[in-house]
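Now for the letters of each chain:
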Amino acid sequence: MDFATADLVDAHEAVIASCSLQLRNLGGHSRFAGPIRTVRCHRDNALLKSILSTPGEGAVLVVDGGGSLASALVGDIIAALAVKNGWAGIIVNGVIRDSVAIADLPLGLKALGTNPLKSAKTGAGEADGTVSFGDCTFTPGQWVYSDEDGIVVLPTKV
């Protein structure tokens, strides 16, 4: 990917939003971008897995797990589904597991950290609504850009 979030901020200061939450790069790609899709789920990843099982077409799934560190929302099987189905990345306001395997996948993935405990599988949650965390609002259809310096959101692709 040929962009830097700092340059995007400088060029689009009037319309850009920057996520203040300090997420770790845990995927094989530290730079990734795409149109936003969202899911809100708390300690339950069945809906997230269902979404990542569909064609991603280069989108980034923004997951609002409420910042919970109690159980992982993404593991190596779900991350591999994202790769298989053409997702550019996943941003998790929560934790993941299987971080060593995920680091080898051609996928952008940012999360708060890791926890080996798996989550519930009831399907609870909400898909494709606006989610907010880290002083940033993620709206489906807008564009998210992520690199080593952070995450920014723009109304359209640049």
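Our subject is the structure listed above.
Residues numbered from 1 in each chain as written. Predicted model: local features only at pLDDT ≥ 70, side-chain atom pairs only at ≥ 80, totals over all residues. Heavy atoms only, no water.

## A look at the pattern of salt bridges
Part 1: According to the stated counting rule, one finds 5 salt bridges in the structure shown.
Part 2: Note that R31 is salt-bridged to E148, the shortest N-O span being 3.1 Å. Residue R31 is found in the loop between β2 (24-25) and β3 (32-40), and its partner E148 is found in the loop between β11 (143-147) and β12 (150-154); the two are separated by 117 residues along the sequence.
Part 3: Residue D64 is joined to R40 by a salt bridge in which the shortest nitrogen-to-oxygen separation is 3.9 Å. Within this pair, whereas D64 is found in strand β4 (residues 60-64), its partner R40 is found in strand β3, the two being separated by 24 residues in sequence.
Part 4: For R40, a relative accessible area of 31% corresponds to the partly exposed category.
Part 5: A single salt-bridge network, built from bridges that share partners, covers R40, D64 and E126. (Salt bridge = Lys/Arg side-chain N within 4 Å of Asp/Glu carboxyl O. Helix = DSSP H or I, 4+ residues; strand = E, 2+ residues; numbered from the N terminus. Buried < 20%, exposed > 50% of the residue type's maximum accessible area, 1.4 Å probe, protein only.)

## Observations regarding the packing of aromatic side chains
Part 1: Applying the stated criterion across every chain, the model contains 3 aromatic pairs.
Part 2: Between F3 and Y145, the ring centres sit 5.3 Å apart and the planes meet at 75°, which makes this aromatic pair edge-to-face. Of the two residues, F3 is situated in the segment before α1 (5-11) and Y145 in strand β11; the sequence distance between them amounts to 142 residues.
Part 3: On the basis of relative accessibility, which here comes to 5%, the residue Y145 falls in the buried class.
Part 4: In this structure an aromatic cluster arises from ring pairing among F3, W143 and Y145. (Phe/Tyr/Trp six-rings, centres within 6.5 Å; stacked < 30°, edge-to-face > 60°.)

## Topic: unusual backbone geometry
Part 1: In the Ramachandran plot, R43 falls in the positive-phi region, its phi being about 55° despite a non-glycine side chain.
Part 2: Here R43 shows up in the loop between β3 and α2 (46-52).
Part 3: In this model, D135 sits at a positive phi of 60°, which is unusual for a non-glycine residue.
Part 4: By secondary structure assignment, the location of D135 is in the loop between β9 (131-133) and β10 (136-138).
Part 5: For D135, a relative accessible area of 71% corresponds to the exposed category.

## A short note on the nonpolar core
Part 1: Grouped together as the largest cluster of nonpolar side chains are 24 residues, with contacts concentrated most on L48, V63, V74, I90 and L109.
Part 2: Elements represented by at least two residues in this core include exactly α2, β4, β5 (72-74), α3 (76-84), β6 (89-96) and β7 (108-114).
Part 3: When residues of this core are assigned to their parent elements, the largest contribution, 4 residues, is made by α2.
Part 4: Setting aside its immediate chain neighbours within four residues, L48 contacts V39, C41, L61, V63, L73, V74 and I78.
Part 5: Counting residues in each nonpolar core, the second largest holds 14 residues, with L23, F32, V62 and F133 among its members. (Core = buried A, V, L, I, M, F, W, Y, C linked by side-chain atoms within 4.5 Å. Contact = heavy atoms within 4.5 Å.)

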